[in-house]
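Secondary and tertiary structure notes
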Amino acid sequence: MLASWLPQQRWFAGRTELAGVDIVSRHRLAAEPAAADSAAPDADRAEFEHLIVEVPAADGVRRYQLWIGRRPVLPERLTHAEIGAAASPGGSAVVLYDALHDPELSALLLRAIAENRTLGDVTAVHREGVMLDPSAHGFVVTGEQSNTSIIYGDSGILKVFRRLEPGPNPDAEVHAALAERGSAHSADLFGEMTGPVAGEPTTLAVLTQFFANSADGWQMATASVRDLMAEGDLRADEVGGDFAAESYRLGQAVASVHHDLAEAFGTGPADEAQLRTDVEAMAALAASTIDEVPELAPYRDAVLAVFAQATDFARAGNTVPLQRIHGDLHLGQTLRTLTGWAVIDFEGEPSKSLQYRRALHSPLRDVAGMLRSLDYAGHHMLAGTGQPDAQHQFRADEWASRNRTAFCDGYAAEAGTDPRAADALLRAFELDRAVYEAGYEHNYRPSWLPIPLQAVATLTSLGGHHD
Ligand SMILES: Nc1ncnc2c1ncn2[C@@H]1O[C@H](COP(=O)(O)OP(=O)(O)O)[C@@H](O)[C@H]1O
Ligand SMILES: O=P(O)(O)O[C@H]1O[C@H](CO)[C@@H](O[C@H]2O[C@H](CO)[C@@H](O)[C@H](O)[C@H]2O)[C@H](O)[C@H]1O
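Residues numbered from 1 in each chain as written. Chains lettered and ligands numbered in written order. Predicted model: local features only at pLDDT ≥ 70, side-chain atom pairs only at ≥ 80, totals over all residues. Heavy atoms only, no water.

**Side note on the sheet that holds strand 17 (residues 334-337)**
Inclusion rule: Only strands that DSSP links by at least two bridges are regarded as paired with each other. Strands here are runs of E lasting at least two residues and helices are runs of H or I lasting at least four, both read from the DSSP assignment and numbered beginning at the N terminus. Residue contacts are counted whenever heavy atoms from the two residues lie within 4.5 Å of one another. To obtain an axis, a line is fitted to C-alpha atoms, over the contacting stretch when the element is a helix, and the angle between two such axes runs from 0 to 180 degrees between their N-to-C directions.
Taken in spatial order, the 3 strands make up an open sheet running 14-17-18, and their pairing is antiparallel. Two strands lie at the open edges of the sheet, namely strand 14 (215-216) and strand 18 (340-343), each paired on one side alone. Two elements, strand 14 and strand 17, share 2 bridges in a ladder whose sense is antiparallel. Residue pairing in the sheet places D216 in a bridge with L335 of strand 17. Those strands touched by helix 5 (residues 244-265) are strand 17 and strand 18, and its axis lies near 45° from that of strand 18.

Below you can see the structure in the form of structure tokens.
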């Protein structure tokens, strides 16, 4: 049953068909004493199990965390989470379902964190001084997610990691480090759930501050672009929805997070050999993507030339400071809260190993990710429209240029160094991202492919520069 249910889940990164699922850890949760207000007769009460399963993958095995509920009858509010019919150990018919959608389980998880309890082999702890309301009801975040997050309002948002790699999850350790430093640009850390995976203590879930009434960075930026496109004859700095001041503040916020990460996890200079290894890895990834995406073929030599210039940058004796970074930064990983910008989801790039995501990298990689995202926001309305008219193309280019510049200005003001000064390196990191995006769009959103393609053309043209 799990073999057919798992591939249907958005957070499942594996094959479309599974030959089998290996349950490597299984703990039934003791039935909680019926809550005072529970009217449910015992026969209708749920039983919960915590499972860690392994599935075959090209690179070995992949591990996933499941919280399974078992009820004789599934109430209407849980039918969307149904996995399938089964028999209980006593032989009676039951229905299995994804219990993270069950308020009874989500309340139990929050109580366990609030009371520093264990659930099976899961250890739940809250951070000293954090006040949680154990009676808060949780509801699952809708929309595209790589994991499953449960919102408890003032008691936070619990991100339950679905795909597990043994060891600490960067999302938890980075939130902890930024909370220790009182960062104004990340959610406070409220608590964690950990347990053994392949014999290693592993982060299973992280409870962080929930920013109510916040707006997603991508939504805010694209609203500004729509405003500009609707105004037709006004310039990007004339329309009411001008985003540049927000881009500037976003640059400051990212620089501030980088400063705190460097303090928390240390820094190290990349010597020429390490930088060359980094650049060679980017060139190899780019070459394989170019093989996959026919529209990239004309740029092969120019792409590799840009990476070669990045190596020259190090050879010229320029130091390249390395530190912990976000690793998967784009506007969808930012929230505009009532007090300013916050960066979320510090798991890092999903396709990279845990070791890579916890290593030190150039912060210019994050800057490049945001520059790419601002370029996407500026041009997203042209996607799928064929050959855009000159006016719309001009407005899209103008919005992207204005906001990329504002972002870098804000970053430079906060960091004290301008990311554009290391142009050869920043260009290489942005090109690395743009080529990756061309592969992503080729596979998932072909009508959006022109956006990264245009970026590859600009970044490889001799006149290409960072605006
Ligand atoms: N601290 C927070 N406050 C408010 N909303 C949040 C917070 N963290 C995440 N979210 C919301 O939950 C969504 C998923 O969070 P994210 O960390 O990106 O999960 P995933 O890695 O599973 O995609 C985000 O797009 C955002 O809308
Ligand atoms: O959602 P993930 O963090 O796993 O990232 C994948 O999906 C992203 C789209 O949701 C994709 O991001 C690209 O498109 C965004 C607009 O939809 C844009 O803001 C990003 O800059 C651009 O990279 C990402 O590439 C992909 O890995």
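Back to the write-up after that little detour.
**Considerations on the pattern of salt bridges**
Note the following rule: Think of a salt bridge as a Lys or Arg side-chain nitrogen and an Asp or Glu carboxyl oxygen that are within 4 Å of each other. For every residue, the accessible area (1.4 Å probe, protein chains only) is compared with the maximum for its type, and the residue is labelled buried under 20%, exposed over 50%, or partly exposed between those bounds.
The tally for this structure, following the rule as stated, stands at 36 salt bridges. A salt bridge links E165 to R357, with the nearest nitrogen and oxygen atoms 2.8 Å apart. Note that E165 is positioned in the loop between strand 11 (163-164) and helix 3 (170-180) and R357 in helix 8 (residues 354-357), a separation of 192 residues in sequence. For E165, a relative accessible area of 28% corresponds to the partly exposed category.

**Quick notes on the site of ligand 1**
Quick note on the threshold: A single heavy atom is enough: if one lies within 4 Å of a molecule or strand, its residue is considered near that molecule or strand. Polar contacts here mean pairs of N or O atoms no more than 3.5 Å apart (in protein, one a potential hydrogen donor and the other a potential acceptor; neighbouring residues in sequence count only if both atoms are side-chain atoms). Three residue categories are used. Nonpolar comprises Ala, Val, Leu, Ile, Met, Phe, Trp, Tyr, Cys and Pro, charged comprises Asp, Glu, Lys and Arg, and polar comprises the others, including Gly.
Around ligand 1 there are 14 residues in total, and Q145, N147, K159, Q209 and F211 lie nearest to it. With respect to ligand 1, the backbone of F211 contributes an N or O atom lying 2.9 Å from a nitrogen atom. Tallied by class, the residues present in the shell around ligand 1 amount to 6 nonpolar, 5 polar and 3 charged.

**Considering the site of ligand 2**
Selection criterion: Accessible surface area values rest on a Shrake-Rupley calculation with a 1.4 Å probe, where residue burial reflects the displayed protein chains alone.
Every residue near ligand 2 is listed here: W218, D328, H330, Q333, S373, Y376, R433, Y436, E437, Y440 and R445. In this structure, an oxygen atom belonging to ligand 2 sits 2.9 Å away from a side-chain N or O atom of D328. Contact between ligand 2 and Y440: an oxygen atom at 3.2 Å from a side-chain N or O atom of the residue. Considering ligand 2 on its own, with 530 Å² of exposed area, one finds that the protein chains cover 84% of that surface. Every element with two or more residues in the shell around ligand 2 is listed here: helix 9 (364-379) and helix 11 (423-444).

**A short note on the sheet that holds strand 10 (residues 157-160)**
Sheet architecture is open: 7 strands sit in the order 6-7-12-13-10-9-8, paired in antiparallel fashion. A strand with exactly one partner marks an edge of an open sheet, and here the two such strands are strand 6 (118-119) and strand 8 (139-140). Relative to strand 10, strand 9 (residues 148-151) is paired through 4 bridges, and the arrangement is antiparallel. Note on strand 10: the bridge partner recorded for S149 is K159. Contacting strand 6, strand 7 (122-126), strand 9, strand 10, strand 12 (189-197) and strand 13 (200-208), helix 2 (residues 103-114) crosses the sheet at an angle of about 65° to strand 7.

In short, geometric facts, not functional conclusions.
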